[in-house]
Amino acid sequence: MKRILVTGGCGFIGANFVRRVLDLRPDWSIINLDALTYAGNYGNVRDLEGDRHRFVHGDIGDEELLADIFSEEGIAGVVHFAAESHVDRSILGPEAFVETNVTGTFRLLQASLESWREGKLDPDFRFLHVSTDEVYGSLGPEGLFTETTRYDPSSPYSASKAAADHFARAYHRTYGLSTIITNCSNNYGPYQFPEKLIPLMIFNIINERPLPVYGDGGNVRDWLFVEDHCDALLTVLENGRPGETYNIGGGAEKKNIEIVHIICDLMDERLDRPHGTSRKLITFVADRPGHDLRYAIDASKIEGELGWRPRHGFEDGIARTIDWYLDNMSWVEKITSGEYKRWMKENYGNRGTG
Ligand SMILES: NC(=O)c1ccc[n+]([C@@H]2O[C@H](COP(=O)([O-])OP(=O)(O)OC[C@H]3O[C@@H](n4cnc5c(N)ncnc54)[C@H](O)[C@@H]3O)[C@@H](O)[C@H]2O)c1
């Protein structure tokens, strides 16, 4: 049995990854370390608990806990998702982003290094640091991010992820730890917390609430269905070269307003509402400070070297996503109670974020 440590495996991408690995790799088992912050939900993986999936409730910054986990012999990989991940929250309170994304990543790297030096890790050990294309800053109307694009983060979130990337790279160059970094574009799909654009729109349309769109909705993102991201990560974990960076993207560039229109029209169909009903809920709100204009990924390295390609186009992925949310409304209601509701009210009144 090949054993890997997944951090943040109760969050959006982490939970999808845990499910995908357990499905596709019957001889793998997972230790899932998650602090269950507002964005983490044990319910995302509860049904998987058993011999091949062990949940550990804890913080990646907890050195004693990490030492305990790494005292196990033969861990074959770390897939590091755990992070504070919402740009708006990083603007309102950057400190948690430094603690988890920078210090937490450093502690995890250090615990891996110590275990490696003690000869406890599997000889093929890989530390996969899951990062974002936001570290590259903003593009103009033309061009794509490549793996050699200069780092130029704009928000406290992207600055903290950039710092973590530098530590992951430095641990390879300085100590020879087998780290690999992936920088991925915006993900969407099942289990995404409804503070992010796509689930927020779906959720608000269902509830006939305003659909807040930043600025004029002209910001462009390159969207990737989460299952395709998970497959890319699995490919990199198994076949990527230590010390390398791989950009991952869906080749599906869309303006935020285009995304909102597509969701509105599909939701009108699904909910049997007259065409145009949901578009009437769109409300343009003051732009986010430091809002990057455009992100777009050149994924030719992972495609050429490792043979990965996204299997879902945007139309297919968004339809699956909408159907998942409609089939899982009790999930949405459960996770948007408590702390999240309080935070939204304190910071946004009843407006919501995009
Ligand atoms: N969502 C995207 O579009 C996207 C795109 C590219 C990269 N990423 C990166 O992928 C990773 C996962 O993103 P996501 O959207 O799934 O995030 P998420 O916010 O949905 O999940 C984060 C998870 O990490 C856990 N966590 C937070 N702080 C922790 C700590 N100190 N110790 C242990 N666990 C902690 C949370 O409980 C949660 O389960 C992040 O590193 C993010 O930067 C996300």
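Treat the numbers as computed from the prediction; the structure is a model and nothing was measured.

Draft legend 1. Main features of the overall build of the chain. Scanning the chain from N- to C-terminus turns up 12 helices and 12 strands. In terms of overall size, the chain behaves like a compact globule, its C-alpha atoms giving a radius of gyration of 20 Å where 354 residues would be expected to give roughly 20 Å. C-alpha atoms of the chain, sized along the principal axes, occupy 65 × 45 × 35 Å. Looking at the 354 residues of the chain, the share that counts as buried comes to 45%.

Draft legend 2. The arrangement of the sheet that holds strand E7 (residues 186-188) in detail. With respect to topology, three strands assemble into an open sheet ordered E7-E9-E11, the strand pairing being mixed. In this open sheet, the two strands that pair with only one neighbour each are E7 and strand E11 (253-255). If you compare each strand with its neighbour and ignore which way they point, the axes differ by 50 degrees on average. Bridge count between E7 and strand E9 (residues 220-225): three bridges; the pairing is parallel. Bridging from a neighbouring strand, Tyr188 pairs with Phe225 of E9.

Draft legend 3. Region of interest: helix H5 (residues 156-175). For H5, built from 20 residues, the straight-helix expectation of 28 Å at 1.5 Å per residue is met to within 8% by its first-to-last C-alpha distance of 28 Å. Considered for burial, the residues of H5 that qualify are Pro156, Tyr157, Ser158, Ala159, Ser160, Lys161, Ala162, Ala163, Ala164, Asp165, Ala168 and Tyr171. As for H5, its buried residues are in contact with helix H3 (87-92), helix H4 (95-117), strand E5 (126-132) and strand E6 (179-184).

Draft legend 4. Quick peek at H4. In this model, H4 (23 residues) spans 32 Å end to end at C-alpha, consistent with the 33 Å of a helix rising 1.5 Å per residue. Along H4, the helix axis deviates most sharply at Gly104, where the bend reaches about 30 degrees. Residues Phe97, Thr100, Asn101, Val102, Gly104, Thr105, Leu108, Leu109, Ala111, Ser112, Ser115 and Trp116 constitute the buried set of H4. Following H4 by one or two positions, Gly119 adopts a phi angle in the positive range, close to 75 degrees.

Draft legend 5. How the structure looks around the sheet that holds strand E1 (residues 2-7). The seven strands lie next to each other as E3-E2-E1-E4-E5-E6-E10, forming an open sheet whose pairing is parallel. The sheet is open, and its two edges are formed by strand E3 (53-57) and strand E10 (245-248), each paired on a single side. Averaged over all neighbouring strand pairs, the angle between strand axes comes to 20 degrees, with direction disregarded. Bridge count for strand E4 (residues 75-80) against E5 is four bridges, and the pairing is parallel. Bridge assignment links Gly77 to a residue of E5, and that residue is Arg126. Along the sheet face, helix H7 (residues 226-239) touches E4, E5, E6 and E10 and points at about 145 degrees away from the line of E5.

Draft legend 6. A look at the site of the ligand. Looking at the ligand, there are 32 residues lining it, with Gly8, Gly11, Ala39, Gly40 and Ala83 nearest. Taken together, the residues of the shell around the ligand break down into 14 nonpolar, 14 polar and four charged.

Quick notes on the rules
- Sequence order sets the numbering: in each chain, residues are counted from 1 along the sequence as written.
- pLDDT decides what is reported in this predicted model: residues at 70 or higher carry local features, side-chain atom pairs at 80 or more are listed and counted, and totals for whole chains, interfaces and linings draw on all residues regardless.
- Secondary structure follows DSSP: runs of H or I at least 4 residues long count as helices, runs of E at least 2 residues long count as strands, and numbering of each begins at the N terminus.
- As a reference, a globule follows 2.2 Å times the number of residues to the power 0.38, and the radius of gyration itself is taken over C-alpha atoms.
- Exposed residues have 12 or fewer other C-beta atoms within 10 Å of their own C-beta, buried residues have 20 or more, and partly exposed residues fall in between, where C-beta atoms are placed from the backbone.
- Only when DSSP finds a minimum of two bridges between them are two strands counted as paired.
- Interaxial angle, 0 to 180 degrees, is taken between N-to-C directions of lines fitted to C-alpha atoms, where a helix line uses only the stretch in contact.
- One less than the number of residues in a helix, times 1.5 Å, gives the span that helix is expected to have.
- By the convention adopted here, residues are in contact when the distance between their C-beta atoms, placed from the backbone, does not exceed 7 Å.
- Across the chain, bend at a residue is computed as the angle between axes fitted to the seven residues ending at that point and the seven starting from it.
- Residues are classed as near a molecule or strand if the C-beta position derived from their backbone is within 6 Å of it.
- Three classes are used, and their members are as follows: Ala, Val, Leu, Ile, Met, Phe, Trp, Tyr, Cys and Pro are nonpolar, Asp, Glu, Lys and Arg are charged, and the others, Gly among them, are polar.

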